[in-house]
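Coordinate inspection notes
For reference, the chains in residue letters:
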Amino acid sequence: MAEQIDPWGSIQIENYEETMEKFGIEPLKDLKDRIPDKNRYIRRDIIYGHRDFGRVLDAMEEGNDWSMMTGLMPSGNFHFGHKMLADQFVWYQEMGAELYIAVADVEAYLTRDMSLEQAREIAIEEYLKNYIALGLEPENVNFYFQSEGGTHYNTISKLFAKNVTQNEVEAVYGDVNPGKVTSALTQAADILQPEFDENGGPKPVVVPVGTDQDPHIRLTRDIASRFPHQEFVKPSSTYHKFMRGLQGGKMSSSKENSYIALSESPDSACEKIDRAKTGGRQSKEEQRKKGAVIEEDTVFELLAFHLIDDDDRLRDIHEKYSSGEMLSGELKQIAKEELRDFLEHHQRRLEEADERVEEFIH
Ligand code: TRP
């Protein structure tokens with residue numbers, strides 16, 4: 001296993017247990033009983049780990065202030081991989097949180113080949129509109145662009161440089177350059193922003209992310225405990241597993257067949273299901289005898305992550321498919337029907353979202 005996680009690279013984690021152990025991420029299982037109205041990702045251990053999430057649960061239980069903060073890297077089509085985080089915001093909003101959502105346009109400019117204008121356009125057209133279609137409401141949402149942060153935000157992101165050493169930056173990120181360091185410190189300002197005086201002062205903040213963002217979380221937590229001019233509650237985080245691409249391997253906006261975009265036509269989406277990698281056996285006979293290898297089945301994964309919310313129904317499919325009663329073609333049929341319904345409904349909502357963008361961008 002690599003010494004570092006590179007948040008700008010393309011990591012694929014094989015073993016979540018090992019990753020938790022190595023980086024000190026706690027299993028979410030231990031706190032699961034305390035989480036009210038568990039969403040699908042929590043129920044199914046797709047959100048598997050956390051740092052100090054108990055602090056956020058304490059605040060919820062005691063009726064104290066807490067916030068959710070996260071950010072998005074604008075990159076290409078909005079697909080089911082991105083939907084995971086959006087579903088989490090919407091859930092946090094339903095739980096009563098104030099939300100901070102940063103568009104990482106500065107980071108995209110510094111670490112990818114993208115202009116601020118392009119990043120803004122993608123963030124609105126692809127991300128924000130899909131968030132709205134997925135149920136995000138404008139009340140108590142602070143949706144902002146890193147390039148438009150306020151004075152305090154901008155100043156503090158520079159002051160943080162004094163609270164980290166070169167050794168530490170190299171230990172956390174490996175190879176660094178000025179663009180990466182600036183991105184990391186900007187992200188620290190994003191994460192700590194809900195605790196600024198003008199935002200109500202220190203409070204528990206949860207940052208839901210994929211595991212690739214953990215280096216930023218660790219650095220920010222260190223900065224929070226060392227910054228001499230303001231007190232911060234160390235931010236909490238949760239980590240979700242990534243859904244694999246439909247061909248196996250990583251899901252990525254740059255590989256057409258690895259993902260289904262939420263704006264894709266249902267026909268094209270269903271063709272991708274037809275071509276997707278399953279855990280089915282070589283022959284029908286073998287499948288009947290041994291059952292499918294569900295861990296390798298990307299179609300089952302899509303059902304579990306996104307398309308089937310009813311736990312009993314999913315369990316039933318799991319049983320039939322792993323025992324050989326159900327064949328891969330039948331599983332794909334279920335997925336195609338669910339997918340078609342979902343996309344048709346979602347795409348109607350996307351059209352309505354067009355007019356609502358300005359409720360989020362002031
Ligand atoms: N670096 C994140 C990414 O690549 C985007 C991001 C910017 C972010 N600011 C953040 C994530 C604050 C979480 C919290 O996806």
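Predicted model only: the values in this text are computed from it and were never measured. (Residues numbered from 1 in each chain as written. Predicted model: local features only at pLDDT ≥ 70, side-chain atom pairs only at ≥ 80, totals over all residues. Heavy atoms only, no water.)

**Comments concerning unusual backbone geometry**
For clarity, the threshold we go by: Secondary structure counts use DSSP, requiring at least four H or I residues in a row for a helix and at least two E residues in a row for a strand, with both numbered from the N terminus.
Here the phi dihedral of D37 falls at roughly 40°; this positive angle occurs in a residue that is not glycine. Relative to the helices and strands, D37 resides in the loop between strand 1 (26–27) and helix 2 (40–43). One non-glycine residue, N140, adopts positive backbone phi at about 60°. Of note, N140 is situated in the loop between helix 6 (116–133) and strand 5 (141–145).

**Section: the domain arrangement of the chain**
Quick reminder of the rule: Segmentation of the chain into domains, including their bounds, is taken from an automatic or database domain assignment. Whether two residues are in contact is decided by their heavy atoms, any of which lying within 4.5 Å being enough. Once two parts are brought into contact, the accessible area they lose, counted with a 1.4 Å probe and summed over both, makes up the buried area. We define a salt bridge as a side-chain nitrogen of Lys or Arg found within 4 Å of a carboxyl oxygen belonging to Asp or Glu. Polar contact criterion, stated in full: a pair of N or O atoms within 3.5 Å, where within protein one must be able to donate a hydrogen and the other to accept it, and residues adjacent in sequence count only if both atoms are side-chain atoms. Polarity classes work like this: nonpolar for Ala, Val, Leu, Ile, Met, Phe, Trp, Tyr, Cys and Pro, charged for Asp, Glu, Lys and Arg, and polar for all others, with Gly in that last group.
Segmentation of the chain into domains returns domain 1 (16–242) and domain 2 (256–354). Using C-alpha coordinates to define each centre, domain 1 is positioned 30 Å away from domain 2. Facing 20 residues of domain 1, the contacting portion of domain 2 comprises 23 residues. Across the interface of domain 1 and domain 2, roughly 1,900 Å² is buried in total on both sides, 58% from carbon and sulfur atoms. On the domain 1 side of the interface with domain 2, the three residues burying the most area are R44, F80 and A133, jointly 35% of the side's total. When the shortest N-O distance is used, the salt bridge between R40 and D309 registers 3.1 Å. Connecting domain 1 to domain 2 are 18 residue pairs in polar contact (both at pLDDT 80 or more). At the level of secondary structure, the elements contributing two or more residues to the side of domain 1 that touches domain 2 comprise helix 2, helix 4 (80–94) and helix 6. Per-class residue counts for the side of domain 1 that touches domain 2 are nine nonpolar, four polar and seven charged.

**A look at the site of the ligand**
Note the following rule: The nearness test applies per residue and asks whether one of its heavy atoms lies within 4 Å of the molecule or strand.
In the vicinity of the ligand, 13 residues are found, and the nearest of them are G71, E107, Q187, D190 and Q213. In the model, a nitrogen atom of the ligand is placed 2.7 Å from a nitrogen or oxygen of the E107 side chain. At 2.8 Å from a nitrogen atom of the ligand is found a side-chain nitrogen or oxygen belonging to Q213. For the shell around the ligand, the secondary-structure elements that each account for two or more residues are strand 3 (67–72), helix 9 (178–192) and strand 6 (205–210). In terms of residue class, the shell around the ligand is built from six nonpolar, five polar and two charged.

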